[in-house]
Amino acid sequence: MPKKIGSVLVVGGGIGGLQAALDLAEADFKVYVMEKQPSIGGVMAQLDKTFPTNDCAMCTMAPRLVEVARHPNIELLTNTDLVSLDGEAGNFRVKLNRRTRYVDDTKCTGCGICSQHCPVEAFDEYNEGLDRRSAIFLSFPQAIPRVMTLDRNRCLGCGLCRNVCGTGAISYEMRDAVAELNVGAIIAAPGFEVFDPAVQPQYGYSRYPNVMTSIEFERALSASGPFGGLLQRPSDGRVPRKLAFIQCIGSREVERNWCSSVCCMYATKHSLIAMEHTEGLQCTIFYIDLRAFGKGFDAYYNRAKEAGVRYIRCKPSSIREVPESKNLKVRYQVETEAPLDEEFDMAVLSCGLKPSASSVDLGRKLDLNLNEFDFCATDTFTPLETGRGGIFVCGPFTEPKDIPETVMQASGAAVKAMSLLSSERGKLVTEKEFPPEIDVSGQAPRIGVFVCHCGTNIGGVVDVPSVAEYARTLPDVVYAEDNLYTCSTDSQERIKKTIREHNLNRIVVASCTPRTHEPLFQNTVREGGLNEYLFEMANIRDQCSWVHMHQHEPATEKSKDLVRMAVAKARMLEPLEKGTMPINREALVIGGGLAGMTAALDLAGQDFITHLIEKENDLGGNLRDIRYLMNGDNPSAQLGGLVKKVKENSNIRLYLGSKITRVEGSLGKYTTVVTKDGTEAEIHHGVVVVAIGGREYAPTEYLYGQEKGIVTQRELEDLIVDRQSEIKKLKAVVMIQCVGSRDEERPYCSRICCFTAIKNALKIKEVSPDTAVFVLYRDIR
């Protein structure tokens, strides 16, 4: 058998690929991230905010970008295409084509002077063509790697950029280069493509300037976008008063018979953010079904309704422009009325997700099975495995999905690769080296303050230059400046350089939340030679520009107060030393259902002793009660095979019919006491995976428990399998959805109920074609 290689190729530099890369690198594997674009980040880099928390998407993404860029065990291969693949699981040979930028990345500093002198304009892809860029450009302000790219299709060859480049990085003679890698596993995370609505002329996209796609509207709303966060119409720059959002453009149609999963929620997000930007704005969302099934999504949807967002259940048939005003007439019809024509200032088409041409090409080069829609085909019980050993998949390449699911799948795919290559862990890694730590003992505080504009995310509300000027007047502050993006790689390098030039021994950053950015800045401070705990942060985004967005002067004064407090605290900071301690390398998994058994097997596959606790006497959890699946898979057979693997795995210690009575300790050193039949046993472990599952709600409404003809879906499933003769006698069956969900006590969607109802309805019709089946629902999710 060929020797295994302890490295992994991650194809795709979006949120899924980056999460997988970080997980693998932190687990001591060498990682190559291949991205066809000039920079990493994917669509996530274009987003304004994420839902349901309304966090700034770029602020959430930027630390991850920088962390990937400076991780010693991650190598970025941008502007790169996969050419061919040979070999087998554990030992692949990959051939890559590295397209030239016509810029030497070892010389380019990303200063942008070349771009300023370029006389050529082209559509800016990052801003969806709503803005212009030069022929030599940086994809976006926080782009990683911070290296310019020359678009030779637009370039005149005038030589101006080359003449002004102080490092001599630009060369028109550079050519593509072929590279070859040996890797042990591959994770395919090529992302998706947004449907082009121009092929549906009834909605006027590309003909009417005030009809935009969802991603264009995202850039229009963004503080770093072409309009600086000011909502305005493309046709005349006027602030709109009525917006229409039309759902399912390119989804749930004959040619594209799938739901794109994210559109309902991003239209809701766009409505709320737009209403924050423009007082008195009216937003209407035209939808087929409102699919808010993620964590916190239903509450977010209800919040939008309470804020005044109007939801109309229908799909409009057309949009026509009013020539005089450039307004738009949307034609639609609800069930009880004649067709209506309603006038709006702008319309946003919520475009669906589909596989890109490049991801389809990638699938074929990797010899993966693609389904009829060109998504990567996977099995129900192994959704991260492609069918070709050693190649795993995550994110929308398998089907449309949102950010949380993509991140979870990315971590899962990374674990699969770790299990395959566990014997090679740590053999190819490089330890990160820091400069010697500056001894600040006995020194008077010399504080540096860096205040962030975050585009207009902070700077559009807070007078950032005046905050920086105020910081210079504070005691012990010897240096203060404002930055456009303090979290970008060039600003990080500037902080390190400033520490050396001004002999700084304390650093204060006034920007966004420590929740996402504090580790990034602490790492930068340490790379600059200071102890990482000589750093303090002031959150002037969440606590000033966001909560006081319409009160510019008070927000600025509050920012000054926060900076003053941070500086006062920084004066008192002292270096701290991190200690080390041995950790217990065994794991505890609580719950023996499908999730628990899968987790236990993947941990055990990496040679970790894993303790699996199940309170019942049998493994399987809810999977034991599922009798059939819609796609024809036999859950019982799958369950039997999984249980057999668990019981036969020598690294898994199984505790059936057991309950946890006590848990003590902390990360790396836990002690759990388990009781079975009155006998206690102690388990010592370093980590815990909680996979305790859920249970079907026992109704107290609709006469359940009082009339024998009223059953739950799970009980109906047993009846269909075990008592088909009774099913055949039924004249009609009614199914009532959302019982015990989407109410005051449980304000969430339970996610599986619609699917289960449809599955059982079809099974009833299969057993008894003459039985009428009615499903009473609010939204089919």
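Here, the structure is the one placed above.
Treat the numbers as computed from the prediction; the structure is a model and nothing was measured.

(A) The arrangement of the nonpolar core in detail. Counting residues in hydrophobic clusters, the biggest one holds 108 residues, and the most contacted among them are Leu24, Ile74, Ile136, Ile187, Val449 and Ile507. Tallying contributions element by element places helix H2 (residues 57-70) first for this core, with eight residues. In contact with Leu24, not counting residues within four places along its chain, are Val8, Val10, Phe29, Val31, Ile187, Ala414, Ala417 and Met418. In this structure, Ala220, Tyr266, Leu272 and Ile273 belong to the second largest nonpolar core, which totals 34 residues.

(B) Structural view of the side chain of Asp298. Position of Asp298 among the secondary structure elements: in helix H7 (residues 297-307). Taking the relative accessible area as the measure of exposure, Asp298 reaches 4% and is therefore buried. Here Asp298 is in contact with Ala292, Arg742, Pro747, Tyr748, Cys749 and Arg781, once residues within four sequence places are set aside.

(C) Focus on a nonpolar patch on the surface. A contiguous nonpolar surface patch, about 500 Å² in accessible area, is contributed by Tyr702, Val734, Ile736, Phe774 and Leu776. Going through the elements one at a time, strand S34 (732-736) and strand S35 (772-776) are the ones with two or more residues in the nonpolar patch. Residue classification places Ile736 among the partly exposed residues on the basis of a relative accessible area of 35%.

(D) Structural detail: the sheet that holds strand S5 (residues 91-98). Taken in spatial order, the three strands of this open sheet run S4-S5-S10, and their pairing is antiparallel. On the outer flanks of this sheet lie strand S4 (80-88) and strand S10 (177-183), each paired with one strand and no other. Averaged over all pairs of adjacent strands, the angle between strand axes in this sheet comes to 20°, irrespective of strand direction. Pairing between S4 and S5: eight bridges, direction antiparallel. Residue pairing across strands places Leu85 opposite Val94, the latter belonging to S5.

(E) Just unusual backbone geometry, in detail. In the segment running from Ile144 into Pro145, the intervening peptide bond is cis, with an omega of -5°. Along the chain, Pro145 turns up in the loop between strand S8 (136-137) and strand S9 (149-150). Positive phi is not limited to glycine here, since Asp28 has a value of about 70°. With respect to the helices and strands, Asp28 occurs in the loop between helix H1 (15-26) and strand S2 (30-35).

(F) The arrangement of the sheet that holds strand S15 (residues 282-287) in detail. In spatial order, the strands read S13-S20-S14-S15-S16; together these five strands make up an open sheet with parallel pairing. One side of each edge strand has no neighbouring strand; the edge strands of this open sheet are strand S13 (211-213) and strand S16 (310-313). The mean inter-strand angle of the sheet, taken between neighbouring strand axes irrespective of direction, is 25°. Sheet analysis places S15 next to S16, joined by four bridges and oriented parallel. Looking across to S16, one finds that Tyr287 is bridged to Arg313.

(G) Representation of the environment of Ser359 within the structure. Within the secondary structure, Ser359 sits in helix H8 (residues 357-365). C-alpha separation for the pair Ser359 and Val239, spaced 120 residues apart in sequence, amounts to 38 Å. Residues in contact with Ser359, not counting those within four places in the same chain, are Pro190 and Phe397.

Reading guide: rules and limits
Residues numbered from 1 in each chain as written. Predicted model: local features only at pLDDT ≥ 70, side-chain atom pairs only at ≥ 80, totals over all residues. Heavy atoms only, no water. Core = buried A, V, L, I, M, F, W, Y, C linked by side-chain atoms within 4.5 Å. Buried < 20%, exposed > 50% of the residue type's maximum accessible area, 1.4 Å probe, protein only. Helix = DSSP H or I, 4+ residues; strand = E, 2+ residues; numbered from the N terminus. Contact = heavy atoms within 4.5 Å. Patch = residues over 30% accessible without salt bridge, like charges linked within 9 Å, V, L, I, M, F, W, Y side chains within 5 Å. Areas by Shrake-Rupley, 256 points an atom, 1.4 Å probe, with all protein chains shown as cover. Salt bridge = Lys/Arg side-chain N within 4 Å of Asp/Glu carboxyl O. Pairing = 2+ DSSP bridges. Axes fitted to C-alpha atoms, helices over the stretch in contact; angles between N-to-C directions.

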